[in-house]
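Report on the structure
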Amino acid sequence: MSGKFDVIIAGAGPTGSTAARILAGKGFKVALIDKSEFPRKKLCGGLLTYKTTEVLNKIFDCDVDCLKKNGIINFESPEYSINYRDHNIRDAQSTIPFRFIDRVDFDYFLLKKAANAGAHIFTGEKISHCNYLDAEIKTASNHIFKGKYLIGADGVHSTIRNSVPYDKTKWRTDMAATIEIIFDEKDYPRKVTKPELYIGHLRAGYIWVFPANGKVVTGIGALKRCTKDFKKTYMDFLRNQGITNPESLPMHGYPLPYGNFMENPCFGRTLLAGDAAGLVEPLFGEGIFYALQTGRYAAESIVRGLTENKPAEQFYIERLNKYIFPELRYSNYLRWTLFYSQPLLKHMSFKVMFKSMPRILADMVHGIRSYKFLMKKEWD
Ligand SMILES: Cc1cc2nc3c(=O)[nH]c(=O)nc-3n(C[C@H](O)[C@H](O)[C@H](O)COP(=O)(O)OP(=O)(O)OC[C@H]3O[C@@H](n4cnc5c(N)ncnc54)[C@H](O)[C@@H]3O)c2cc1C
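These lines cover the structure that appears in this document, whether it is placed above or below. (Residues numbered from 1 in each chain as written. Predicted model: local features only at pLDDT ≥ 70, side-chain atom pairs only at ≥ 80, totals over all residues. Heavy atoms only, no water.)

**Observations concerning the site of the ligand**
The criterion, for reference: Each residue is tested against the molecule or strand, and it is near if at least one of its non-hydrogen atoms lies within 4 Å. Pairing of N or O atoms within 3.5 Å defines a polar contact, subject to two protein rules: one partner must be a possible hydrogen donor and the other a possible acceptor, and residues neighboring in sequence count only if both atoms are side-chain atoms. Under the convention used here, a 1.4 Å probe and the Shrake-Rupley method define accessible areas, while residue burial counts only the protein chains that appear. Residues were grouped as follows: Ala, Val, Leu, Ile, Met, Phe, Trp, Tyr, Cys and Pro as nonpolar; Asp, Glu, Lys and Arg as charged; and all remaining residues, including Gly, as polar.
Looking at the ligand, there are 37 residues lining it, with Thr15, Asp34, Gly45, Ile127 and Asp275 nearest. The side chain of Thr15 places a nitrogen or oxygen atom 2.7 Å from an oxygen atom of the ligand. Interatomic distance of 2.7 Å between a side-chain N/O atom of Asp275 and an oxygen atom of the ligand. With the chains in place, 95% of the 1,000 Å² that the ligand exposes on its own is no longer accessible. Counted by class, the shell around the ligand contains 14 nonpolar, twelve polar and eleven charged residues.

Here it is as structure tokens:
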């Protein structure tokens, strides 16, 4: 099972499968390694924006209709609602629907596409050691994989990131905590037909109630350092929704990078992408798009690096600087503007603000407009 490859990819979430599909499709010998057996669960709200379905089509050759036909998109709604505590601020309509997936099916679908492109898949293999300078990893079952390049796509708890020198204090400072409870539709006190966001309960975070096929996905996410009574806030919210004794329900927590993205995720022949590098949008916590896009950039940079005999790092950083970091920086500014103004503005002022711009707001989330001054956004 051990061996030599062109590229080793640690982690077979959306980031890893994207990178594997691209590299294997170009004829490179790729090892895609994950500690889990697939299909596997991943805590997630499952919301896909327009920019995400666009990039999925580009890489995996599957548009929205194809994703629906394959049972991957299981719900969609052009409507959304924003609420300040118990007050509805805005029920609005987006020109493009918000779409929903279940990560069990979605991640497995992408992994199979990577395998079909020729990637060598090693699941149930936990990476325990990494020599990032030599692009070499060792698994818990003592298998050694060596590549010309290594992509760290192993998520928020990344073993690859933990083997490189990086600023751990900054990383911890902007980490969010999340909890999710998923209900059977029949057990939720009312019908949920559109994504609903609730602000004002937390200083730096929000609560979501998302529709899904036969389910209602509820969750809370907030910056740890700004949050007191995190779980209690969520339980009180659910009680207010009409759920009795929410504490007794099965709930799961998971950390979410929330503004702690690494401005240089390159360490010689090791490139970090997706959650492993904190590449998540810091206002709404959207991560799937950034996982796909940075997995793609890392892979395409390695293709250029190997073909032109130049360091892949320079190509990767160039594209992150051009397309990804401006979005993350400006959504971070917007988040602090919103979160700091919450106690001052209260719901009436939010109502005025959101009333005037519901379409623009949806366009920004979908990636049609940039978080930077709401300008039209061009992705490559
Ligand atoms: C509660 C919650 C809700 C969210 N909701 C949304 C949403 O609605 N929309 C959205 O766009 N984003 C959402 N996100 C963010 C999104 O889930 C992530 O950004 C996305 O999963 C990142 O993909 P990834 O491939 O980088 O990492 P992951 O999906 O975490 O995949 C990493 C993979 O690496 C493997 N791995 C880890 N360690 C090892 C090891 N040592 N050896 C081998 N394999 C290893 C894991 O098994 C896993 O398969 C949410 C996140 C949370 C926590």
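**A look at the packing of aromatic side chains**
Heads up, the condition is: In this scheme Phe, Tyr and Trp rings, the latter by its six-membered ring, pair at centre separations within 6.5 Å, and the angle between planes marks the pair as stacked below 30 degrees, edge-to-face above 60, and tilted otherwise. Helix and strand assignments come from DSSP, with helices taken as H or I runs of at least 4 residues and strands as E runs of at least 2, each series counted from the N terminus. Note on classification: 1.4 Å probe, protein chains only; a residue is buried when its accessible area is under 20% of the maximum for its type, exposed when over 50%, partly exposed between these limits. As a reminder, the over-ring test applies to NZ of lysine and CZ of arginine, requiring each to be within 6 Å of the ring centre and within 35 degrees of the ring normal.
In the structure shown here, the tally under the stated rule is 19 aromatic pairs. Between Tyr132 and Phe267, the ring centres sit 6.3 Å apart and the planes meet at 85°, which makes this aromatic pair edge-to-face. Remark: Phe267 occurs in strand β17 (residues 266–267) and Tyr132 occurs in the loop between β8 (127–131) and β9 (136–139); sequence separation between them is 135 residues. Note on Tyr132: relative accessible area 18%, which makes it buried. For Phe267, a relative accessible area of 12% puts it in the buried group. Grouping aromatic residues by their ring pairs yields a cluster made of Phe75, Phe100, Tyr206, Trp208, Phe210 and Phe284. The side chain of Lys112 reaches across the aromatic face of Tyr108, ending 4.3 Å from its centre. Above the plane of the ring of Trp171 lies Arg161, whose end atom (NZ or CZ) is 3.8 Å from the centre.

**Comments concerning the sheet that holds β17**
Selection rule: For two strands to be treated as a pair, DSSP must find no fewer than two bridges joining them. In this analysis, two residues are considered to be in contact whenever any of their non-hydrogen atoms come within 4.5 Å of each other. Every axis corresponds to a line fitted to the C-alpha atoms, with the helix fit spanning only the stretch in contact, and the corresponding angles, defined between N-to-C directions, vary from 0 to 180 degrees.
Strand order in the open sheet formed by six strands is β7-β3-β2-β11-β18-β17, with mixed pairing between adjacent strands. A strand with exactly one partner marks an edge of an open sheet, and here the two such strands are β7 (120–122) and β17. Where β17 meets strand β18 (residues 270–272), two bridges bridge the pair, whose relative direction is antiparallel. Residue pairing for β18: Phe267 is matched across the bridge by Thr270. Of the strands in this sheet, β2 (7–10), β11 (149–152) and β18 touch helix α7 (residues 288–308), which is tilted by about 170° from β11.

**Some thoughts on unusual backbone geometry**
Following Phe38, the chain continues to Pro39 via a peptide bond in cis, the omega torsion being 0°. Even without glycine at this site, Arg85 takes up a positive phi of about 50°. At Asn309, a position not held by glycine, the phi torsion is positive, near 55°. Within the element layout of this structure, Asn309 appears in the loop between α7 and α8 (312–355). Since its relative accessible area comes to 72%, Asn309 is described here as exposed.

**Considerations on the pairing of strand β3 (residues 30–33)**
In β3, alternate side chains face the same way, and those of Val30 and Leu32 on one face and Ala31 and Ile33 on the other are all buried. Here four bridges tie β2 to β3, and the two strands are oriented parallel to one another. For Ile9, the partnering residue across the bridge sits in β3 and is Leu32. Two strands pair when backbone bridges link them, and β3 and β7 are joined in this way by three bridges, in the parallel orientation. Residue pairing across strands places Leu32 opposite Ile121, the latter belonging to β7.

**Observations concerning the side chain of Asp363**
Among the structural elements, Asp363 can be located in helix α9 (residues 358–366). Sequence-distant contacts of Asp363, defined by excluding residues within four places in its chain, comprise Thr95, Ile368 and Arg369.

**Details of the pattern of salt bridges**
What counts is decided by this rule: Within this document, salt bridges are pairs made up of a side-chain nitrogen of Lys or Arg and a carboxyl oxygen of Asp or Glu, the two lying within 4 Å of each other.
Inspection of the entire model under this criterion finds 24 salt bridges. Between Glu76 and Lys68 there is a salt bridge; the shortest N-O distance is 3.2 Å. Residue Arg190 pairs with Glu196 through a salt bridge whose shortest N-O separation is 2.8 Å. Residue classification places Glu196 among the buried residues on the basis of a relative accessible area of 6%. Linked through salt bridges whose partners overlap, the residues forming this network are Asp184, Lys186, Asp187 and Lys215.

In short, shape yes, function no, at least from these values alone.
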